[in-house]
Amino acid sequence: FVVCAFSFCLCHRSRVGVCEVVDDCPAVAEGEISPGTCQDGYYGYSYRKCTQGAFGEIKYDKCHQKLPDKLRYDQQVFTLVKDTSITIAAPHYMNIITHFHLDENVELPTGLTLDEKTGAITGMPTEVMDIKSFTIYGENESGVTSTEISIMIRLGECKAEGNFPKTIVGNTAVFECSSQGNYIGTQKR
């Protein structure tokens, strides 16, 4: 009686000292770094170091913020009403802005505040003011960008209604009854 046996073996040679491809990190040899991309708004490269055949944590110290750009609010001219709460929405921009500010020694109209983190302007203006321009700056570690807006603050007004004309808040609207024919006297509101 004769027994014959055949055996096939697949041998896999391990690549000692090599880190294999992981996500967007290419394979590299022991001790080398595998470059990757930075987050949105940054330039440069991220990297992972190959140690004992495995990649370490992703490092971002070679990534730097891109220069902020195209700072703008939804409109350039804002007409606000005295003693009325307002919110001017945060501006739009490209890349990253970490701090918003005005020129040194320049302040928004009394009652309004610029949010240094978002660029939104909020508050309640307390004084009437003719139109005035303000430069708003947005900056990060790489540089600064700016935009100009104009703000005017006026008194509120009541819309025309029936016989009464449009009237500034705090004033009395007067209607002369005689303007309607054979009437005398006035109506006030």
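Residues numbered from 1 in each chain as written. Predicted model: local features only at pLDDT ≥ 70, side-chain atom pairs only at ≥ 80, totals over all residues. Heavy atoms only, no water.

### A few points about the pattern of salt bridges
- Under the definition given, this model contains 1 salt bridge.
- Here K82 makes a salt bridge to D83, at a shortest N to O gap of 2.9 Å.
- Overall, the relative accessible area of 25% leaves K82 in the partly exposed class.
- Judged by relative accessible area, which is 44%, D83 ranks as partly exposed. (Salt bridge = Lys/Arg side-chain N within 4 Å of Asp/Glu carboxyl O. Buried < 20%, exposed > 50% of the residue type's maximum accessible area, 1.4 Å probe, protein only.)

### A word on the sheet that holds strand β14 (residues 121-123)
- Strand order in the open sheet made by the 3 strands is β10-β14-β13, with antiparallel pairing throughout. Two strands close off the open sheet at either side, each with one partner strand: β10 (86-88) and β13 (112-114). Within the sheet, the average angular offset between the axes of one strand and its neighbour, ignoring direction, is 20°.
- Relative to β14, β10 runs antiparallel, the two being bridged by 3 bridges. Its bridge partner lying in β14, I88 is registered against I121. (Pairing = 2+ DSSP bridges. Helix = DSSP H or I, 4+ residues; strand = E, 2+ residues; numbered from the N terminus. Axes fitted to C-alpha atoms, helices over the stretch in contact; angles between N-to-C directions.)

### Here's the deal with the packing of aromatic side chains
- Across all of its chains, the model carries 2 aromatic pairs by this definition.
- Both rings, one in Y45 and one in Y47, keep their centres 6.2 Å apart while their planes meet at 55°; by these two values the pair is tilted.
- On the basis of relative accessible area, Y45 is assigned to the partly exposed category, the value being 34%. (Phe/Tyr/Trp six-rings, centres within 6.5 Å; stacked < 30°, edge-to-face > 60°.)

### Some words on the state of the cysteines
- Summed over all chains, the structure comprises 2 disulfides.
- Covalently, C19 is tied to C50 through a disulfide, its sulfur atoms 2.1 Å apart. Around the S-S axis, the bridge from C19 to C50 shows a dihedral of about 90° and counts as right-handed. Pair noted here: C19 is in strand β1 (residues 18-19) and C50 is in strand β5 (residues 46-51), with a separation of 31 residues, a long-range link.
- Counting only the cysteines that take part in disulfides, in the order they occur along the protein, gives the pairing 1-3, 2-4. (Disulfide = S-S within 2.5 Å.)

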